[in-house]
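# Descriptive structure summary
Letter by letter, the chains look like this.
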Amino acid sequence: MPSITTEEKNNINSKKLMIPFYKPIKKEIEVFEHSYKSKIPFLLKGPTGTGKSRFIEYMAYQLSKPLITVSCHEETSSTDLIGRYIIKGAETIWLDGPLTTAVKTGAILYLDEIAEARPDVIVAIHSLTDHRRELFIDKLGETIKAHPDFMLVASFNPGYQRGFKELKPSTRQRFVAISFDYPDSKIEADILINETDILPADAKKLVNIANKIRNLTELGLTETVSTRLLVDAAKLIHSGLPKRLAAHVAIVEPLTDDLEVINALKDLCDLMI
Ligand code: ADP
């Protein structure tokens, strides 16, 4: 029987046990562990689909802490995070929001795309991001101390040149921050193989396509090919969709609506897979 490496064994075990699979890119695991111990909020910076959410799922698993994720959008307000009164029958009852629950129970709260949220969200987390580690609930007139295990994590896509929302320096400087980017070819191919069981040769071709498109800066794409898009293409190929079609629908079409660019990228994919 062919022997397998420890890493391959871990990957197989992680699939069996439903452990989130995460392939480290640099020192992010070590940095996160120390930030958690030192109770410093953590900011994950980087374009969409580069493994930020997967990383935090993995870290929560490793630290055996519950993870509460809030996907922020332009309507996300402090009330959504802290809680609100609701009417139930003849009664008005208070319902904790995800932030309050995390603060009380010692969970990791992950605010995905924090810059998208309304400004009052930033105000609400202020006192949790410094030595006070407390949450003020104005509707109840209460201040609660964070559970020792509570940690605040946020993600942010620094694409301000492309019209994405910015995070103020006064907010950013409350976090330890680490940048996520598209992984090296070998690592990215390993991610595809692990996520989808695609053949290594096909994984390599998909990564080559991605790298080629990533270098075509003259296309002026708002965001380029993410690992997420490659995982989707690999899944389609593994499920039996013809490779070129899979590359067209999973890589090219989600990137742009410009017909000329779409056709050029499809031709490029056809040459490479
Ligand atoms: P983000 O939160 O940065 O938008 P995700 O964490 O959702 O991105 O990553 C998108 C997908 O890419 C994941 O579901 C996973 O399949 C894959 N992925 C990206 N980076 C990694 C990594 N380092 N290890 C394992 N999977 C990864």
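Since the structure is predicted, the reported quantities are computational estimates derived from the model, not experimental observations.

Turning next to the packing of aromatic side chains. If you walk through the whole model with that rule in mind, you get seven aromatic pairs. Measuring from ring centre to ring centre gives 5.7 Å for Phe 32 and Phe 55, while their planes differ by 90°; the resulting arrangement is edge-to-face. Of this pair, Phe 32 sits in helix H2 (residues 28-37) while Phe 55 sits in helix H3 (residues 52-62); the two residues are 23 residues apart in sequence, bridging distant segments of the chain. Looking at Phe 55, the relative accessible area reads 0%, which means it is buried. Centroid distance Phe 55 to Phe 180: 5.5 Å. Interplanar angle 55°. Geometry classified as tilted. Here Phe 55 is found in helix H3, whereas its partner Phe 180 is found in the loop between strand S9 (176-179) and helix H8 (185-196), with 125 residues between them in sequence. In this pair, the class of Phe 55 matches that of Phe 180, namely buried. Taken together, the ring pairs in this structure connect Tyr 22, Phe 32, Phe 42, Phe 55, Tyr 58 and Phe 180 into an aromatic cluster.

Here we come to the nonpolar core. Membership of the largest hydrophobic core comes to 30 residues, with the highest contact counts inside it found for Leu 99, Val 103, Leu 109, Leu 111, Leu 135 and Phe 150. At the level of secondary structure, the elements contributing two or more residues to this core comprise helix H4 (78-82), helix H5 (98-105), strand S5 (108-112), helix H6 (119-125), strand S6 (134-137) and strand S8 (151-156). Setting aside residues up to four positions removed in sequence, Leu 99 forms contacts with Leu 81, Ile 82, Leu 109, Ile 125, Leu 128, Leu 135 and Phe 150. Judged by nonpolar contacts, the second largest core, of 29 residues, contains Ala 189, Val 231, Leu 255 and Leu 268.

Another point: the sheet that holds S5. With parallel pairing, five strands are arranged side by side in an open sheet as S2-S5-S8-S1-S9. Only two strands of the sheet have a single neighbouring strand rather than two, namely strand S2 (67-71) and S9. This sheet shows a mean twist of 20° between the axes of neighbouring strands, independent of strand direction. Across five bridges, the pairing between S2 and S5 is parallel. Of the residues in S5, the one forming a bridge with Thr 69 is Tyr 110. On top of the sheet, H3 reaches strand S1 (42-45), S2, S5 and S8; it is set at about 180° to S5, its chief contact. Here H5 sits on the sheet and contacts S2 and S5; the angle it forms with S2, its principal contact strand, is near 160°.

Mapped onto the elements of the fold, Arg 228 is located in helix H10 (residues 227-238). In this structure Arg 228 comes out as partly exposed when scored by relative accessible area, which is 44%. Expressed as a C-alpha distance, the spacing of Arg 228 and Thr 48, which sit 180 residues apart in the sequence, is 8.2 Å. Sequence-distant contacts of Arg 228, that is, excluding residues within four places in its chain, are made with Thr 48 and Gly 49. Within the structure, the side chain of Arg 228 is placed 3.1 Å from the side chain of Thr 48, a separation counted as a polar contact.

Interfaces are frequently sized by the accessible area removed from exposure as the parts join. Taken domain by domain, the protein holds domain 1 (18-179) and domain 2 (185-272). Here domain 1 and domain 2 share an interface that buries about 970 Å² over both sides, 54% of which is from carbon and sulfur atoms. On the domain 1 side of the contact with domain 2, Phe 21, Lys 23 and Gly 49 bury the most area, a combined 49% of that side's loss. The interface formed by domain 1 and domain 2 includes two salt bridges. Residue Arg 54 pairs with Glu 195 through a salt bridge whose shortest N-O separation is 2.9 Å. For the pair domain 1 and domain 2, the number of links is seven residue pairs in polar contact (both at pLDDT 80 or more).

Parameters and conventions
- Position numbers for residues start from 1 in each chain and track the written sequence from start to end.
- The predicted nature of this model means local features are confined to residues of pLDDT at least 70 and side-chain atom pairs, given and counted, to a pLDDT of 80 or more, with totals for whole chains, interfaces and linings taken over all residues.
- To obtain the side-chain values, all non-hydrogen atoms of the structure were used and water was disregarded.
- Aromatic rings from Phe, Tyr and Trp, with only the six-membered ring used for Trp, were paired whenever their centres fell within 6.5 Å, and each pair was classed as stacked if the ring planes differed by under 30 degrees, edge-to-face if by over 60, and tilted otherwise.
- Elements are defined by DSSP. Helices are runs of H or I of four residues or more, strands are runs of E of two residues or more, and each kind is numbered from the N terminus.
- Partly exposed residues are those whose accessible area sits between 20% and 50% of the maximum for their type, while under 20% is buried and over 50% is exposed, using a 1.4 Å probe and protein chains only.
- In these notes, a set of buried Ala, Val, Leu, Ile, Met, Phe, Trp, Tyr and Cys residues joined through side-chain atoms within 4.5 Å is what counts as a nonpolar core.
- Whether two residues touch is decided by their heavy atoms; if any such pair falls within 4.5 Å, the residues are in contact.
- Note on pairing: DSSP must find at least two bridges between two strands before they are called paired.
- Axis definition: a line fitted to C-alpha atoms, over the contacting stretch in the case of helices. Angles run 0 to 180 degrees between N-to-C directions.
- Any N or O atom pair separated by 3.5 Å or less is treated as a polar contact, with the protein-specific requirement of one donor-capable and one acceptor-capable atom, and with residues adjacent in sequence counted only for side-chain atom pairs.
- Throughout the structure description, domain borders are defined by an automatic or database domain assignment.
- Here's the idea: put two parts together, see how much 1.4 Å probe accessible area each one loses, and the total over both is what we call buried area.
- For salt bridges, the criterion is a side-chain nitrogen of Lys or Arg within 4 Å of an Asp or Glu carboxyl oxygen.

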